[in-house]
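Analysis of the macromolecular model
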Amino acid sequence: MSNNNFKVRKAAVLGAGVMGAQIAAHLINANIETLLFELPGDADNPNININKAVEKLKKQEPAPLSIPDKAIYIQPANYDQHLELLKDCDLVIEAIAERMDWKRDLYQKVVPYLGSQTIFASNTSGLSINQLADAFPEELRHRFCGIHFFNPPRYMHLVELVACSTSDSEMLDQLEAFLVTYLGKGVIRAKDTPNFIANRVGVFSLLATMHHGKAFGFGFDLVDALTGALIERPKSATFRTADVVGLDTLAHVVNTMRDTLPDDAWHSYFTVPDWLQNLINDGALGQKVKRGVYQKNGKEIHVLDIATNTYRLSVGEVDADIQQLLKYNSPPKKFAELRNSQQPQAQFLWSIFRDLFHYCAVHLESIADNTRDLDLAIRWGFGWNQGPFEIWQSAGWKQIAIWIKEDIAAGKSMSQAPLPDWVMDIAESETQSVHSALGSFAPVDKTTQRRSDLSVYQRQLYPDRLIGETAIYGETIFENDAVRMWHSGDQIAILSFKTKMHTIGVDVLDGVLQAIKEAEQNWRALVIWQTEPPFSAGANLKKVTEKPKKDTQTTNAPPYKPSAFDRFFRDFKKSAQSTVLKAARELDLADVLMAKKLAEVKAMVEQFQQVSQALRYSMVPTIAAVDGLALGGGCEFVMHCDRAVATLESYIGLVEVGVGLLPAGGGCKEFALRAAQNSLEGDPFPQLKKYFQTVAMAELAKSAEQAKVMGFLRSSDQVVMHRFELLHVAKIHALALAEGGYRPPLKTRQIPVAGSTGIATIQSLLVNMREGGFISEHDHLIGSKVAHVMCGGDLTPGSLVDEDWFLELERTAFIELLATEKTQARVEHTMKTGKPLRN
């Protein structure tokens, strides 16, 4: 069978615990019919355990499901009543507790019910795949393997694919292709060694960090301050990550290393510290029980102090000189100063990097095929910006190798194990690199190994790059400081923004108009795609203004009860999409609002609307290829293209109300138009009311699927699971539209409005909220403006208007809000603090 023909029509997950339930949820995200098995409950309600697990999925954050309503598609099953259903499953994933005996017992129970072509895979995080396979009849072992998802499965890119000695190679290729395209995963082939690649290296790094933190007498909060964003790792750093993973889970992985790696030169460090075991014994397992290394006390974050065995305020501060050192653009200079400095924090950082490099070099050959697999496993599984070998190479391979050898000889390293010979061979080579454009170093035969040649990877036109690899983005059609239009040898033109966060200013608007004109003359379609996410953080009006001279921020505004907008920002900040507030700071709207250069702003708004309409009515198909944030004006571009192709992890919304404005690039108009098109019996208001709430509450879609439900995307728009396949799919859609004899839609000239009745209905709701103390006077003003625009103004309900009518209403309302002091104060406050101001 070709891996291109392999399809998973139906899957089953055995075990409805933390990982099993979330794996099932992600299969449902991919529209795969899924059974979720758990132990039976009581006789009256045998599926009670599974039903509880599914209900928990709906409330979990970050959300395992792309939309909560999809939970109904998970089919509950138990081992007493439903095993016969397994025969129809193409894929069965076992995800029960990490007990070899329990897993083997379960395998013997379910094997008689498996279909003749069923692939059976274990989600074990580190148990031997070959030992697990022994529980299968010999004639079935060729269809057994390990597929290790990382938590949370929807969001973590890595899946480790682990073969047993009898796994069929074609089956593995088929499964890899499925995991990549249909589940959106980065697949790494790992060897069957304890904890595989990512956990083996990642947990060692955590243990080394614990060891050196203790040696230097650093508190957990200081260690986290040093090992997070400052060294290009996730903000959760070391101990916060342990809390997120679960302290019991961490202890299990450490104990697995202790029990299964007796000959590891670092074996003496594979122990669970007393303080960690005490927390586990006390039930303080981390984030899942809201207490672990950290706990929240009101609005404050407290951290465990092991000296007193009590919690104290988390205040870890990095020395100012170390902060400055870590900002160096030159990795060789940075590492030289870390090693040579006598400052304890610098010595700590050098120590954890040195021992990480040492460990990876010694164990590379036994756990991974090449340096690429190890580095990508750490990047995708632990969220690091660079893998260990990438960091080493960037810092100067030879010099780092010499320093490691010196520290081993001096007894400073955690182990006296010598560096393997290949390390110094690389150091003496001309390139001094383990990653290059030709491939990555493979220690078994000391060759350079290219990337996989499986056909599924031909869909990734620009895959995730490593140091030493460069991406050549086609041939330039035209380019300026704001945009680049290019092609890759076919008839599809691609436009990419060059601005920070891909914000949209006058220069980008000019570039889009030029690109549309060029595409209409010489190309069959136009795709807007960014080389890195986000798609766009929205409008950037900074270039048409000057810095205000007077600060009008309201600093003593009276307190308000939590408004609907407050609740939005509060919940939003807690969610996985808290990056939007950061993106808002990038927009630097305060410069615009405080300068009050309203005429220039109005001209820009008019141009923005012109571009949106040009995307809608271009003579060639326009495709928005969306990944990550698409906010404000970015969202309006998406809504106006002929087709959107969006990754599942696209976060789309018209969020202007959050800073006291409203969408004015055609977003309100587009919602009014869609409400009219979807209306029943000619009345747009029932649908329009939902759209009004979306805009007035600045609601953000937390997935591309949710964006469809909320109306930002259409039902015809395509959701792609793998972000590196996005451009490939977008180009296919563009060409399909062109091949179909594309013509732009006819301009809508008769849009029925909700009019004065719709405005009055919404106004009554706003008045009740204001009088109840749920929104402020200014919230009421903003909501009223949004209602006026989306209902088509103070007209008789059912009156027919055209698109230009709505666009004029948008412009007028935007400028009116822009001129108010309270909107100016809101924007400036958000830009400075990243938090909303209610005034």
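Scope of this entry: the structure provided in the associated data block.

Here's the deal with the sheet that holds strand β2 (residues 33–38)
Pairing is mixed across the open sheet formed by 8 strands, whose spatial order is β3-β2-β1-β4-β5-β6-β7-β8. Looking at which strands have only one partner, the edges of the open sheet turn out to be β3 (74–78) and β8 (186–190). Sheet twist, expressed as the average angle between the axes of neighbouring strands with direction ignored, equals 25°. For strand β1 (residues 10–14) and strand β4 (residues 91–94), the ladder comprises 4 bridges, and the chain directions are parallel. Residue pairing across strands places Val13 opposite Ile93, the latter belonging to β4. Of the strands in this sheet, β4, β5 (119–122), β6 (144–149), β7 (158–163) and β8 are in contact with helix α5 (residues 169–181), which crosses β6 at around 25°.

Concerning the nonpolar core
Counting 137 residues, the largest nonpolar core has Phe178, Phe637 and Phe712 as the members making the most contacts within it. Not counting residues up to four positions away in its chain, the partners in contact with Phe637 are Phe497, Ile504, Leu509, Val512, Phe535, Phe608, Val611, Ser612 and Leu615. Judged by nonpolar contacts, the second largest core, of 115 residues, contains Leu158, Ala190, Leu206 and Ile426.

Some remarks on empty space enclosed by the protein
In this approach a probe as big as a water molecule rolls over the atoms, and the regions it shows empty are the leftover space. In this structure the tally under the stated criterion is 2 cavities of 30 Å³ or more. In this structure, the second largest cavity occupies an estimated 150 Å³ of space. Along the wall of the second largest cavity there are 13 residues; nearest its centre are Arg233, Ala237, Thr238, Phe382 and Trp384. Of all the elements, helix α6 (residues 198–216) adds the most residues to the lining of the second largest cavity, at 4 residues.

Re unusual backbone geometry
Cis rather than trans, the peptide bond between Glu61 and Pro62 has omega equal to -5°. Relative to the helices and strands, Pro62 is located in the loop between α2 (48–59) and β3. Positive phi values are uncommon outside glycine, yet Glu232 reaches one of about 60°. Of note, Lys446 is a non-glycine position whose phi angle comes to about 55°, a positive value. Locating Lys446 in the fold gives a position in the loop between β13 (439–442) and β14 (447–449).

Topic: the packing of aromatic side chains
This model, assessed by the stated rule, comprises 39 aromatic pairs. Taken together, a centroid distance of 5.9 Å and an interplanar angle of 75° make the contact between Phe204 and Trp266 edge-to-face. Within this pair, whereas Phe204 is found in helix α6, its partner Trp266 is found in the loop between α9 (247–260) and α10 (274–281), the two being separated by 62 residues in sequence. Cluster of aromatic residues (ring-pair linked, three or more members): Phe335, Phe353, Phe357, Phe389, Trp392, Trp397, Trp422 and Phe441. Seen from the ring of Tyr294, Arg240 lies directly overhead, with NZ or CZ sitting 4.1 Å from the centre. Across from the ring centre of Phe724, 4.4 Å away, lies the NZ or CZ of Arg723, which sits over that ring.

Digging into the sheet that holds strand β11 (residues 310–313)
Pairing between the strands of a sheet comes from backbone hydrogen bonds, and it takes one of two forms, parallel or antiparallel. Pairing within the open sheet is antiparallel, and its 3 strands lie in the order β9-β10-β11. Each edge of the open sheet is held by one strand with a lone partner, namely β9 (294–297) and β11. Ignoring which end each strand starts from, the neighbouring axes of this sheet average 40° apart. By the bridge criterion, 4 bridges tie strand β10 (residues 300–305) to β11 in an arrangement that is antiparallel. Looking across to β11, one finds that Leu304 is bridged to Tyr311.

Concerning the environment of Ile732
Among the secondary structure elements, Ile732 is positioned in helix α26 (residues 726–739). For Ile732, a relative accessible area of 46% translates into the label partly exposed. Along the backbone, Ile732 and Ile492 are 240 residues apart, and their C-alpha atoms lie at a distance of 9.5 Å.

Considering the pairing of β13
By the bridge criterion, 2 bridges tie strand β12 (residues 435–436) to β13 in an arrangement that is antiparallel. Its bridge partner lying in β13, His435 is registered against Ser440. Where β12 hands over to β13, the hairpin turn is made up of 2 residues, counted between the paired strands. As defined by bridge partners, β13 adjoins β14 across 3 bridges and the pair is classed as antiparallel. Bridge pairing links Ser440 to Gln449 in β14. From the end of β13 to the start of β14, which pair antiparallel, there are 4 residues, and Lys446 there has a positive phi angle of about 55°.

Here we look at helix α28 (residues 777–790)
Along its 14 residues, α28 runs 20 Å from first to last C-alpha, staying within 8% of the 20 Å computed at 1.5 Å per residue. Note on α28: the residue one or two positions beyond its end, Gly792, has a positive phi of about 85°.

Description of helix α24 (residues 685–696)
Compared with an ideal rise of 1.5 Å per residue, which puts 12 residues at 16 Å, α24 spans 15 Å between its outermost C-alpha atoms and is within 8% of the ideal. When α24 is considered as a whole, its buried residues turn out to be Phe685, Leu688, Tyr691, Phe692, Thr694, Val695 and Ala696. Remark: Ala698 follows α24 within two positions and exhibits a positive phi of approximately 50°.

A closer look at the packing of helix α12 (residues 331–340) against helix α15 (residues 388–409)
Where α12 contacts α15, the two axes come as close as 8 Å, and the packing angle between them is 25°. Between α12 and α15, the angle is such that the two are roughly parallel. When the axes of α12 and α15 are compared, the crossing they make is right-handed. Residues Pro331, Pro332, Phe335, Ala336 and Arg339 of α12 pack against Ile391, Ser394, Ala395, Ile400, Trp403, Glu406 and Asp407 of α15. Grouping the constituent residues of the contact of α12 with α15 by class yields 8 nonpolar, 1 polar and 3 charged.

Here we look at the environment of Asp173
Examined against the element boundaries, Asp173 turns out to sit in helix α5. Taking the C-alpha atoms as reference, Asp173 lies 46 Å from Gln687; in sequence the two are 514 residues apart. Of the polar contacts made by the side chain of Asp173, one reaches the side chain of Arg189; its length is 2.8 Å.

Points about the side chain of Gln460
Of note, Gln460 is situated in the loop between β14 and β15 (475–479). Apart from residues no more than four positions distant in its own chain, Gln460 is found in contact with Val180, His722, Phe724 and Glu725.

Observations regarding the pairing of β1
Along β1, 5 of the 5 residues are buried, which leaves the element largely enclosed by surrounding structure. At this point the chain moves from β1, through helix α1 (residues 18–29), to the parallel β2, and the crossover so formed is right-handed.

Criteria and cut-off values
Residues numbered from 1 in each chain as written. Predicted model: local features only at pLDDT ≥ 70, side-chain atom pairs only at ≥ 80, totals over all residues. Heavy atoms only, no water. Pairing = 2+ DSSP bridges. Helix = DSSP H or I, 4+ residues; strand = E, 2+ residues; numbered from the N terminus. Axes fitted to C-alpha atoms, helices over the stretch in contact; angles between N-to-C directions. Contact = heavy atoms within 4.5 Å. Core = buried A, V, L, I, M, F, W, Y, C linked by side-chain atoms within 4.5 Å. Buried < 20%, exposed > 50% of the residue type's maximum accessible area, 1.4 Å probe, protein only. 1 Å grid on protein atoms, 1.4 Å probe; cavity = no way out; pocket = protein on both sides within 12 Å on 5 of 7 lines; lining within 4 Å. Points joined across faces, edges and corners; volume = space filled by probe spheres on them. Phe/Tyr/Trp six-rings, centres within 6.5 Å; stacked < 30°, edge-to-face > 60°. Lys NZ or Arg CZ within 6 Å of the ring centre and 35° of its normal. Expected span 1.5 Å × (residues − 1). Parallel < 35°, antiparallel > 145°, perpendicular 65-115°, else oblique. Left-handed = near helix turned anticlockwise from the far one by under 90°. Nonpolar A, V, L, I, M, F, W, Y, C, P; charged D, E, K, R; others polar. Polar contact = N/O pair within 3.5 Å; in protein donor to acceptor, adjacent residues only side chain to side chain. Right-handed = clockwise from strand over helix to strand, strands pointing away.

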